[in-house]
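One letter stands for each residue in the lines below.
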Amino acid sequence: MTDKGVSMVIVETSTLNAVLDEFVQEAQRAFGEDLLSVILFGSAAEGRMRQQSDVNLIVYLADFEQARVDEFRSALRVCHSAIRASVMFLLRDELPEAARLFAVKFNDIKARHRMLWGNDPFASLVIDKAELRRRTREVLLNLSIRLRERYAMLSLREEQLGPVISEAASPLRSAALALLDLQGETVDMSPRDALIKVAQASQNPGFVSAVEVLSQVREQQSLEVGQGSRVLLQLSALAAYLLASLNAAEAL
């Protein structure tokens, strides 16, 4: 099963590095002293890009000045076209509040990023545990409800379930990483491995199997006939399990 609307070509490492080098040089030229850092995060930072992966970047700035942004636009468009770059322009003064309001996302970025240029603002960033717990709850409850709705709407056309399953990976993996962190475990692993660990610890064969299929769908864009409905419902149940585990950890 493939999504014909999306390019299925994985960017070669040499191409990726060359485009990123040029991107950094153009950012330095355009933003000058306002440029503090350029940060690669997500699957590209781990060296685990899949066929539909975007290359996620943060341009970390002291100021977002119109003239300098206008000068940078061409380089941004070239980078987006060449490697499907998705760029977040983050101001230095915004980082603490962004990390509080989007604690799950920034906890994920803190765990898996690579500096392309400048000092690492995430090295000293502290994710507030109360906000991480609250935001993780929201992510998990929303996901569990949404996956049930997607099952009810799309299960008659199983070929439509593949993209839904694939899109569930990011919130589930980020939530699993947050759960391990909040449980007091030393987290030195990717969000992907965190979800595998949590599924295995549940001793629920359905969860373990669903997470295996989830990785297969993400990496190979394939879903065996008859798998979709079962896996989608198991992932919804897994989100509920993660939420219950989070609540249990808080009660201790």
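### Structural notes on the confidence of the model for the chain
- When the pLDDT values of the chain are averaged, the result is 91; 93% of them are 70 or greater.
- Here helix α2 (residues 43–46) is the element of the chain with the lowest mean pLDDT, 89, and strand β1 (residues 35–41) is the one with the highest, 98.
- Contacts of residues 1–9 to residues separated by more than four positions or lying in other chains number 16 contacts, the stretch itself having pLDDT below 50.

### Observations concerning the sheet that holds strand β4 (residues 113–118)
- The mixed open sheet is built from four strands, whose spatial order is β3-β2-β1-β4. Since the sheet does not close on itself, it has two edges, and those belong to β3 (85–91) and β4, each with one partner. Taking the axes of each pair of neighbouring strands and ignoring which way they run, one obtains an average angle of 20° across the sheet.
- Where strand β2 (residues 55–61) and β3 come together, seven bridges link them in parallel fashion. The residue bridging Leu57 from the neighbouring strand is Val87, located in β3.
- With respect to the sheet, helix α3 (residues 66–83) is in contact with β2 and β3, its orientation differing from that of β3 by roughly 140°.

### Considerations on the pattern of salt bridges
- Inspection of every chain in the model, using the stated rule, returns 16 salt bridges.
- The residue Lys129 makes a salt bridge to Asp181 at a minimum N-O spacing of 2.7 Å. Taken together, the positions of Lys129 in helix α6 (residues 129–154) and Asp181 in helix α7 (residues 161–182) put the pair 52 residues apart, joining distant regions of the chain.
- What you see here is one network of salt bridges that share partners, running through Glu97, Arg100, Glu131, Arg134, Arg135 and Glu138.

### Let's talk about the pairing of β1
- Of all seven residues in β1, six are buried, a share of seventy percent or more.
- Relative to β2, β1 runs antiparallel, the two being bridged by six bridges. From the neighbouring strand, Ile39 faces β2, where its bridge partner is Ile58.
- Where β1 and β4 come together, five bridges link them in antiparallel fashion. Within the sheet, the bridge partner assigned to Val38 lies in β4 and is Trp117.

Each value, and the rule that gives it
Residues numbered from 1 in each chain as written. Predicted model: local features only at pLDDT ≥ 70, side-chain atom pairs only at ≥ 80, totals over all residues. Heavy atoms only, no water. pLDDT = per-residue confidence, 0-100. Helix = DSSP H or I, 4+ residues; strand = E, 2+ residues; numbered from the N terminus. Contact = heavy atoms within 4.5 Å. Pairing = 2+ DSSP bridges. Axes fitted to C-alpha atoms, helices over the stretch in contact; angles between N-to-C directions. Salt bridge = Lys/Arg side-chain N within 4 Å of Asp/Glu carboxyl O. Buried < 20%, exposed > 50% of the residue type's maximum accessible area, 1.4 Å probe, protein only.

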